[in-house]
Structures are given as structure tokens and as C-alpha cells.
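So you can see what is in the structure, the chains are spelled out below.
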Amino acid sequence: MAAGGGTAGHLLRVWLSAGILGRWAPWATRCPGAGRALSGFSARCVGQVRAPVGAPLWKPRLPGANLPGGGISSVLSSVTSLLPSILQQPARTVTYYSIRKGKRKTVKAVIKRFLRLHNGLWVRRKAGYKKKLWKKSAAQRKRLRELVLCNRTQCKLLDKMTTSFWKRRNWYVDDPYQKYHDRTNLRF
Amino acid sequence: MACAGMGQSARCKLKRTFNMEGFGQTEVSGLKAGYYTEEYWVTFTTGTNPSAPALLSSSFCNSVLHAADVSGNGGNKALELLRSLPRVSLGNLRPSPGSKKRERRRGRGRHGGRKCGRGHKGERQRGTRPRLGFEGGQTPFYLAIPKYGFNDGHSCRRQYQPLSLQRLQYLIDLGRVDPTQPIDLTQLTNARGVTVQPLKRDYGVQLVEEGADIFSAKVNIEVQRASELAIAAIEKNGGVVTTSFYDPRSLEILCKPVVFFLRGQPIPKRMLPPEDLVRYYTDARNRGYLADPSKVAEARLELARKYGYVLPDITKDELFKMLSARKDPRQIFFGLAPGWIVNMADKKVLKPTDEKLLKYYSS
């Protein structure tokens, strides 16, 4: 029990210094695992220390340290930082009027996936162009590698999701898409 | 719209509807019996208000119509008549036809009312439509497409506003840009030939070949980038091209010098180009400002040979001194050194005298 307690205590100190329970970090120094990534290490630590993560009653007791008044909430908040992906869901809405400036905001997902040419067309990659290529024929792989334009409704949607900054004319140096910003011989 | 006050001038539209039946004056022609509505612009340039506020009567319509009929005469008669016109007030004014359209209020009557343009039932009428791009739970189009770095580092990419030789020729022909002085980005901006936005990652101006065959002006021009054919076209006409680098702060100062001078700060040193641009600006083929002058002369000959024109000798030119005027790599303006403060109010230039400052600004 003492040995188990000792190892638990050591791991606990390691866990503390990793920064989860920041307020107890000064008491847990000289730890080899201090610089490691939080989530993986802490998950392992939690398993080994066998501390019930969701239980609010468990509080670390260190010799000579007072129990802080907000012990329960701090544990919960520290627990939530273990699982950031579940609690920080991406916001996919278009903000029409921002809180601070009252301006429209772009949807960043669009900027990361598409390119707007100045003539109004949007360029994109084909979906699946780097997935499971072993089962695709050479012709299919070539088709997927090509850059493709979006249709009219898609272009309109993407224009609505972006602000006018992304519609300005850019004169980059050595832009591979420079000649596509203008249409030629378009009759309608 | 307020009437003219003392010593001011204003234009307003006067409307008058008056009965012509009692009208007996014969001066005005083209009158018809019945009601006559006249509306036209009246310009008040007088210093005094009309002394006698006349009623909407025969004298008024007479004067007004006479003012309308009078053409030429220096407008004196019109001014005299306007003095006798009544005061412009809210009761005399009307907006010009077609400027104000009737507002269509929803929920009031046959055309704006009933369903009020919302459609029939459903999310459209009830206003519970989902967000833009939502496709009922199916992975939306704009998320199904894989990410690709089209716009990666877009805010670090340098941009150069194009200046075609055709535009340059146009500006010189119209006299907006003076070819007898060295042409700088400041001259081009003052002439409104180009608009450079340093805040949008613009690093200056690039020369473009459009109009190379019609270009015929001898200029000493300094740009930030230039294509080979543009350089050839300028040198063929006996001009000089230089490409130089301006860091964003210097570029902002260069484009808007007066605004900078009003700040009261000393002119900063122009920074040297970053690593990836040093090669460009030390190359004689690009006429870089850091290149060796002898190599630049060689490159001029080479270009003349390549494009098949005779390179005119600028040393024998009368404007040789102007054509060979170049800026120091740390200088932003011609004739002003870094460290100087330009006082616009007192029309003075202040130069530093402290040793440390002089050492810093001359390094």
C-alpha cells in the first residue's frame, strides 16, 4: 500500500506538474514528464492513479497545503480541459452582425477549401483525391487530381459566406492562377 | 432645403402653382389660360433676403416666368427679380420628380399585405430556416470538399499594383506626370495614376508590357518590379528604369507624404530588402538599385541586342543629369535625407545635429 501510495504520489506529482491542476503545480516540481503533451499523458496518469475523473468529492491533499475554497469547480474545469474536442464544437454559422464591430464575418471553412477567382468562379479540389488511391484506377486518380470549378448555386453560396475582402483583386508575384482571374471570349 | 442666408449662395427648387386667368402682363409669352405649374432651379447668390414677401400673385408669376425666359444678360435681371420673390419656405418646395419613391410597407393592403412576401407555410413563412449552407444534416458541400492550401499565407504574399506603359503614356500625355523630373511612386500617386494600398500587402508598383509598342516617352522611372519587355521599351526611348525596394512603412510614407509630414516625425531610413528579394534587387537584369552600375550598363546593351533596337546614348542627352538621378538605398524622398523633419506649417526642414543621431541616420 505504501509502495502503491508512493508510486501514486509520484505519478500524482507528475500529473500536477503537467499543468492540469495549475494551482498545485508549484508543489510538484522536478518532474521528468512536465513537458509532455497534456492529453495523452494525463489520460495515462488518470488510469494509473485511479482517480475518478468525474467525481467531485476527490480532492488532492498535499502535506502542508490548504484545500482551496473552489476545489470542486476547479476540478471540474480542469477535467473539462482534458476533453476539449467534445466541448468546443465548431460554429458553422455565418455571422451577419458581429458583436464587437457589427460587421459580417467569413466562414473560415470556405477559405481553407476553396479559391475565388476574380471573375466570380470558385476553384476546388475533388473529394477523395488522396483517399484509398490503391483501389482507384489510374484514370480515376487523374480525374480526382484535377482542380474543378463550382457551379452557379455553389458559387453564390460561397460568395454569401465570405466578405468582400476575399473578392478583391490580388496581384501576387508568380501567382499560378493569375491568368484565370479574367474571362476571355465569353459570349452570352 | 433652406433658403440662402446673408452673403451665401444656395440652389433650391421652387414650385409654384398659380392661376393665370387674372394675369394681364404681356411680356411673358407662351401663356395659356388655366392653372400653370412651374418648377425649376433657382440659384440665390444675393446677400439680402427679398424685402417684400410677395403673395403667390401675378407679380410673383410674372417675375418667375420672366426669370425663366431671360437668357444671357449676365443674369442681372434674374437676380433683381429674385430679390422680389417671396422667401423660400417649406411651403414652396418639392423634391425633384423621380427622386422619392413611395415606400412599400409590408402588411398594409393588397400588394404588400396578406402573406407579406413570406410565401406559404413552412420554414420560409415561419422564419425557422436553418443556417446558410446547411443541407438537412447531410455533410454540406462546403465541408465535404477536402482542405487545400489555396489561401495559405495569403497575407504574407507580396502584391504589386500593375502599371501599364499605356497608362504611363496616357498620364504623360495629359500632363499629370512630368517626364522632365524623375518619376517616383509619389509622383504617380499624386497624379492618381495608380492607387497603392500598403495595408493590403502591396509592396509597390510593377511595370507591365501593355502598350509597349506605342510607348514613346523618355523618362527616369523608379518602380518596384518591372518585366523585361517593359524595361526594353523604356530604354529604347532613351529612358532609365530602376527597381527598388520599399518596406511597408516607407511605402506608406512614400505614397502619402503630406500626411506623414503632418505627424511631425523624422523621416525614417528605408529598410533593405529581405533575404528572398536581395537576389532580385542585386541583379542587373532587373535594373535593381543594389546592382553594380557597370553590370547595369552591360545589361542595357544585352537587352538592346536581344530586342533588336539601337540603345540611345544617354550621356549625350541634355537631360542626362536628371536621368541619372537616383536615390540612396536608405533614402525615401529625393532631396530629403532620413532623420529630417519637415514642418509643413512653418515651411521649414529640421535636420538633426546630435552625433548619435547623425551616425544612426547615415548608417
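Going by the structure above, here's the rest.
Residues numbered from 1 in each chain as written. Chains lettered and ligands numbered in written order. Predicted model: local features only at pLDDT ≥ 70, side-chain atom pairs only at ≥ 80, totals over all residues. Heavy atoms only, no water.

*Asks:* Any details on the overall build of chain A? Residues and values, ideally.
*Replies:* Along its length, chain A carries seven helices and three strands. When the helices and strands of chain A are placed in sequence order, the string is α-α-α-α-α-β-β-α-β-α. Across the 188 residues in chain A, those meeting the buried criterion constitute 34%. In chain A, once contacts between residues fewer than 6 apart in sequence are set aside, the share between residues at least 24 apart is 53%. (Helix = DSSP H or I, 4+ residues; strand = E, 2+ residues; numbered from the N terminus. Buried < 20%, exposed > 50% of the residue type's maximum accessible area, 1.4 Å probe, protein only. Contact = heavy atoms within 4.5 Å.)

*Asks:* Could you give an account of helix H5 (residues 165-173) of chain B, with specific residues and numbers?
*Replies:* Residues and elements named next belong to chain B. The complete set of buried residues in H5 reads Leu165, Leu168, Gln169, Leu171 and Ile172. For H5, the buried positions fall inside an angular range of 160° around the axis, keeping them on one side. Where H5 is buried, its residues meet strand E3 (159-164), helix H6 (185-190), strand E4 (202-208), strand E5 (220-223) and helix H7 (228-236). With its phi angle positive at about 80°, glycine 175 sits one or two positions after the end of H5. (Arc of directions from axis to C-beta.)

*Asks:* Residues and numbers for the interface of chain A and chain B, please.
*Replies:* Listed by partner, the interface residues are 35 residues for chain A and 25 residues for chain B. When chain A packs against chain B, the two sides together hide about 2900 Å² of surface, and 66% of this comes from carbon and sulfur. For the pair chain A and chain B, the interface holds zero salt bridges. Taken together, chain A and chain B are joined by eleven residue pairs in polar contact (both at pLDDT 80 or more). Those elements that provide at least two residues to the side of chain A that touches chain B are helix H5 (108-113), strand E2 (122-124) and helix H7 (152-160) of chain A. The biggest single contributor to the side of chain A that touches chain B is H5(A), with five residues. (Buried area = accessible area lost by both parts, 1.4 Å probe. Salt bridge = Lys/Arg side-chain N within 4 Å of Asp/Glu carboxyl O. Polar contact = N/O pair within 3.5 Å; in protein donor to acceptor, adjacent residues only side chain to side chain.)

*Asks:* I'd like a description of the environment of B:Asp313, backed by residues and values.
*Replies:* Position of B:Asp313 among the secondary structure elements: in the loop between helix H11 (293-307) and helix H12 (320-323). Within the structure, B:Asp313 has its side chain in polar contact with the side chain of B:Lys316 (distance 2.6 Å).

*Asks:* Report on the packing of H7(B) against H11(B), specifying residues and quantitative values.
*Replies:* Residues and elements named next belong to chain B. Taken N-terminus to C-terminus, the directions of H7 and H11 make an angle of 95°; their axes are 10 Å apart at the nearest point. Compared by their axis directions, H7 and H11 come out roughly perpendicular. Contacts between H7 and H11 pair Glu228, Leu229, Ile231, Ala232 and Glu235 from the former with Arg300, Leu303, Lys306 and Tyr307 from the latter. Per-class residue counts for the contact of H7 with H11 are five nonpolar, no polar and four charged. (Axes fitted to C-alpha atoms, helices over the stretch in contact; angles between N-to-C directions. Parallel < 35°, antiparallel > 145°, perpendicular 65-115°, else oblique. Nonpolar A, V, L, I, M, F, W, Y, C, P; charged D, E, K, R; others polar.)

*Asks:* Describe the layout of surface pockets, listing the residues and the values that go with them.
*Replies:* Taken as a whole, the largest pocket encloses approximately 420 Å³ of empty space. In terms of lining residues, the largest pocket is bounded by 25 residues, among which A:Leu115, A:Asn170, A:Tyr172, B:Asn151 and B:Arg157 are the most central. Residue composition of the lining of the largest pocket, by class: eleven nonpolar, six polar and eight charged. (1 Å grid on protein atoms, 1.4 Å probe; cavity = no way out; pocket = protein on both sides within 12 Å on 5 of 7 lines; lining within 4 Å. Points joined across faces, edges and corners; volume = space filled by probe spheres on them.)

*Asks:* Account for the pattern of salt bridges, with residues named and values stated.
*Replies:* Residues and elements named next belong to chain B. Considering all chains together, one arrives at 14 salt bridges over all chains under this definition. Of the charged contacts in the structure, one is a salt bridge between glutamate 235 and arginine 287, with a shortest N-O distance of 2.7 Å. Within this pair, whereas glutamate 235 is found in helix H7, its partner arginine 287 is found in the loop between helix H10 (275-281) and H11, the two being separated by 52 residues in sequence. Using a relative accessible area of 1% as the deciding quantity, one classes glutamate 235 as buried. By sharing partners, the salt bridges in this structure join Asp184, Glu222 and Lys327 into a single network.

*Asks:* Quick rundown of the state of the cysteines? Include the residues and the values.
*Replies:* Inspection of the entire model under this criterion finds zero disulfides over all chains. Between A:Cys150, a cysteine without a disulfide, and A:Cys155, which holds the nearest cysteine sulfur, the sulfur-to-sulfur distance is 5.1 Å. (Disulfide = S-S within 2.5 Å.)

*Asks:* So, the side chain of A:Thr106: which residues are in play, and what are the values?
*Replies:* Following the sequence through the fold, A:Thr106 ends up in the loop between helix H4 (84-87) and H5. If sequence neighbours within four positions are ignored, A:Thr106 has contacts with A:Met161, A:Thr162, A:Thr163 and A:Trp166.

*Asks:* Quick one: what's the story with a nonpolar patch on the surface, residue by residue and with numbers?
*Replies:* Residue and element names in this part refer to chain B. Together, Val258, Leu262 and Met344 give the surface a local cluster of nonpolar side chains, amounting to about 270 Å² of exposed area. Tracing the chain through its elements places valine 258 in helix H9 (residues 257-263). Its relative accessible area of 42% is what places valine 258 among the partly exposed residues. (Patch = residues over 30% accessible without salt bridge, like charges linked within 9 Å, V, L, I, M, F, W, Y side chains within 5 Å. Areas by Shrake-Rupley, 256 points an atom, 1.4 Å probe, with all protein chains shown as cover.)

*Asks:* Kindly report on the packing of aromatic side chains, identifying the contributing residues and their values.
*Replies:* The final tally for this structure, using the stated rule, is twelve aromatic pairs over all chains. Plain terms: the ring middles of A:Phe114 and A:Trp122 are 6.4 Å apart, the flat faces sit at 85° to each other, and that makes the pair edge-to-face. Just as A:Phe114 is buried, A:Trp122 falls in that class too. One aromatic cluster in this structure is built from B:Tyr203, B:Phe245, B:Tyr280, B:Tyr281 and B:Tyr289. Against the face of B:Tyr160 rests B:Arg225, its NZ or CZ located 5.7 Å from the ring centre. Between the NZ or CZ atom of B:Lys327 and the centre of the ring of B:Phe334, over which it lies, the distance is 5.3 Å. (Phe/Tyr/Trp six-rings, centres within 6.5 Å; stacked < 30°, edge-to-face > 60°. Lys NZ or Arg CZ within 6 Å of the ring centre and 35° of its normal.)

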